[in-house]
2 protein chains.
Amino acid sequence: MRSTDDRIRITYQLTLREGETPDAKAREVALEQTVELPDGCYPPQIEERIVGRVESLEQSAAREWKAIISYHPELVGAEVPQLLNLLFGMISMKLGILITGVDLPRSVLRTFPGPQFGIEGVRSASGVVGRPLLCSSAKPVGLSPAELAEICGALARGGIDIVKDDHGVTDQTCARFRERVERCSEAVANVNVQTGSRTLYFPNITAPVSQVQDRVEIARAAGCRGVLISPFLMGLDAVRWLAESADLILFSHPTLAGTFFHSRHGVAPEVLLGTILRILGSDGVLYVNAGGRFPVTEAECMAIHANLRRPIDGVRTAFPVPGGGVDVERVPHWIERYGVDTVFLIGSSLYAQSDLERASRDLLASVERHCSTEA
Amino acid sequence: MRSTDDRIRITYQLTLREGETPDAKAREVALEQTVELPDGCYPPQIEERIVGRVESLEQSAAREWKAIISYHPELVGAEVPQLLNLLFGMISMKLGILITGVDLPRSVLRTFPGPQFGIEGVRSASGVVGRPLLCSSAKPVGLSPAELAEICGALARGGIDIVKDDHGVTDQTCARFRERVERCSEAVANVNVQTGSRTLYFPNITAPVSQVQDRVEIARAAGCRGVLISPFLMGLDAVRWLAESADLILFSHPTLAGTFFHSRHGVAPEVLLGTILRILGSDGVLYVNAGGRFPVTEAECMAIHANLRRPIDGVRTAFPVPGGGVDVERVPHWIERYGVDTVFLIGSSLYAQSDLERASRDLLASVERHCSTEA
């Protein structure tokens, strides 16, 4: 994760097409992502300081090469848009270039806030120790604030630790942001008072640039400790901005991120969701789990976890939040695979049962039973 | 482009995998992009109002079907992040779903500003009639403000109509934003005074959310009439926001957009760059041209032009700006193909010549010669 000298190191899997050579393709990336000019059409001092440096190049399969290219951190400065640009800007429009690793030097890492709460801070806010956290969404879009609040209450009474808005629920006329957040927050707070539980409610503050600050303030005034955002809809700098300014737990939703995930071209999920979203400041990162309704492998999930939870100097760890078709019956299996430092996001398989509160309570009981047997 | 009833219509090319049926796949899209719940796990009134409606479904090739699904505009509201979410949010993580068309009803179109200047406004600012405009970039990143200003001056003296920053040049320590913009703008203004020309200088204001407004103000104070932004680095709502608030010509750069462009999964370039960037407020849209250093076909370019320049009620047309390896020698050919309402962005093939001013002057002369022969 951390580069030892003061350079950014990016690892690429290059797939060669007819007529391409590995050296030329690696050099093409190094030029396209920096000077955007052909070899030599720039002053000589630029070559040394600015053009990417091909550090290593080795064959990994037929037509497939692993390249490591290093870059001067000045290219990024402290700007998230330029980090994205350096990672995959113009080469996104080429073919056969997959980013499989990013190592940032301390000089770059320290310009981004990282998680403000991290796994420890989220556990502390929820009061849950020794087991994974359970999360569910109030849905679908189209319900009224009263209807959504009723769902939030049922999930809280059932013992769900984090009740969040669905990521498609924002400020629609059927449920305007302020009224919805106030009602849902109140419904959860009432359950907490009645039962002594500590369920958190995270509203979705994904919004046009000019309205994000208002929604943060409404969420805080309603007593929310955290929020949901969709960085790929808002721009990834929103994570950095909110981590620096909002004093709220940030859970990042992956909607639209699939544009990056192709087998031979793009940015690998563990880099984009595991490394990048964490260093920018996500306390939890949602992703679509294997075995659900999306074509994802368990190995990809494990790689995301590794990058969210591995030690990085001065950067807190972040919760992996698998969702997208996690079945209640299979949660004990996933605890075995993923460990207790996981937030399980369960939606459809709770909603498929007629009584949401009871379904939630059964789920929590099975998780507690599993974790106490384990311990 | 405009939907006749008040619904959003999205056209998909669905590629079926083993075991998939067209009806089930279309219904899956309609559910995933709205309620995110399996059939029936939501109140019945939601089915009618919220779930996407499969309007038509027809086979277009072996294993390939064309589906049109319509959606209630309430899902988007007036929010760009939700427009993106509805277009390609969660389905981005599935396979074999390509968006080939988007029709927005007037109720949605009127919530977005559209181009504030458009083709007419940009022509009027530059004073160019009867021929395409010529654009070039001051580059590469790594040069000092004085060096970049010298390049801007040379391009302006050579008669380039729009001199812009390279999209990788932002606020690096080697050329901080304010000093660079002031110097480059002054260099171009001086040439305009000396020669009576009207070259425009567009600085790149792509920046972290919290700094965009400052950069707009610096650019305006320096006398700039327009700016360059990279919507895919900043979040697409930046286009809407700046079109509504900045009173500057907006040229949108495609860096990172290639994540959407895959042959059987994604959002087609003519939809993303042609339709979406235009309706949000771009006055010019840069894209990588066929025959350059990116794998793009001429048909894709023509489709982008068609969507930028076709009549849409109440939405100005926007300039197509082909770049990414347009050779000076081939410009007359591209004028034939693309017509005069085009801005040609020429970089490498000017820089490959030793005298940038002379290379620019030769280019302008060949364009003027070509267009006067035509007329």
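Residues numbered from 1 in each chain as written. Chains lettered and ligands numbered in written order. Predicted model: local features only at pLDDT ≥ 70, side-chain atom pairs only at ≥ 80, totals over all residues. Heavy atoms only, no water.

Draft legend 1. Quick peek at the pairing of strand β2 (residues 53-61) of chain B. Residue and element names in this part refer to chain B. As paired elements, β2 and strand β3 (residues 64-71) share 7 bridges and run antiparallel to each other. Bridging from a neighbouring strand, Gln-59 pairs with Trp-65 of β3. Connecting β2 to the antiparallel partner β3 that follows it, the hairpin turn spans 2 residues, and Arg-63 within it adopts a positive phi of roughly 65°. (Pairing = 2+ DSSP bridges. Helix = DSSP H or I, 4+ residues; strand = E, 2+ residues; numbered from the N terminus.)

Draft legend 2. Representation of the sheet that holds strand β7 (residues 200-202) of chain B. Residues and elements named next belong to chain B. Pairing in this open sheet of 4 strands is parallel, and the strands run β7-β6-β5-β13 from one edge to the other. The outermost strands of the open sheet, each flanked by one partner alone, are β7 and β13 (343-345). Mean inter-strand twist for the sheet, computed between neighbouring axes without regard to direction, equals 25°. The sheet contact formed by strand β6 (residues 162-165) and β7 spans 3 bridges and is parallel. The partner of Ile-162 across the bridge, within β7, is Leu-200. (Axes fitted to C-alpha atoms, helices over the stretch in contact; angles between N-to-C directions.)

Draft legend 3. Spotlight on the nonpolar core. Core analysis: the largest hydrophobic core is formed by 240 residues, its most contacted members being Tyr12(A) and Tyr12(B). Setting aside anything within four residues of it in sequence, one finds Tyr12(A) in contact with Val29(A), Trp65(A), Lys66(A), Ala67(A), Ile69(A), Tyr71(A), Ile91(A), Ile97(A), Leu98(A), Ile99(A) and Thr100(A). (Core = buried A, V, L, I, M, F, W, Y, C linked by side-chain atoms within 4.5 Å. Buried < 20%, exposed > 50% of the residue type's maximum accessible area, 1.4 Å probe, protein only. Contact = heavy atoms within 4.5 Å.)

Draft legend 4. Looking closely at the packing of aromatic side chains. By the definition in use, this model includes 6 aromatic pairs over all chains. Sitting above the plane of the Phe294(B) ring, Lys94(A) keeps its charged end 4.7 Å from the centroid. (Phe/Tyr/Trp six-rings, centres within 6.5 Å; stacked < 30°, edge-to-face > 60°. Lys NZ or Arg CZ within 6 Å of the ring centre and 35° of its normal.)

Draft legend 5. Seen up close, the environment of Arg157(A). Residues and elements named next belong to chain A. With respect to the helices, strands and loops of the structure, Arg-157 is situated in helix α6 (residues 145-157). As for Arg-157 and Ser-197, which are separated by 40 residues in sequence, their C-alpha atoms are 8.4 Å apart. Setting aside residues no more than four positions away along its own chain, Arg-157 makes contact with Val-191, Glu-357 and Arg-361. Reaching out from Arg-157, the side chain makes a polar contact with the side chain of Glu-357 at a distance of 2.9 Å. (Polar contact = N/O pair within 3.5 Å; in protein donor to acceptor, adjacent residues only side chain to side chain.)

Draft legend 6. Representation of the pattern of salt bridges in the model. Residues and elements named next belong to chain A. Taken as a whole and judged by the stated rule, the model has 57 salt bridges over all chains. Put simply, Glu-32 and Lys-94 hold a salt bridge, and the shortest N to O gap is 3.6 Å. Of this pair, Glu-32 sits in helix α1 (residues 22-32) while Lys-94 sits in the loop between α3 (80-88) and β4 (97-103), and the two are 62 residues apart along the sequence. Overall, Lys-94 belongs to the buried group, its relative accessible area being 6%. Here Arg-215 ties to Asp-171 by a salt bridge, and the two come within 3.7 Å at their closest N and O atoms. Taken together, the residues Arg-215 in helix α8 (residues 212-221) and Asp-171 in the loop between β6 (162-165) and α7 (177-195) connect sequence positions 44 residues apart. Given the relative accessible area of 3%, Arg-215 is considered buried. The exposure class assigned to Asp-171 is buried, which follows from its relative accessible area of 17%. Several salt bridges share partner residues, and in doing so they unite Asp-5, Arg-9, Glu-48, Arg-53 and Glu-55 into one network. (Salt bridge = Lys/Arg side-chain N within 4 Å of Asp/Glu carboxyl O.)

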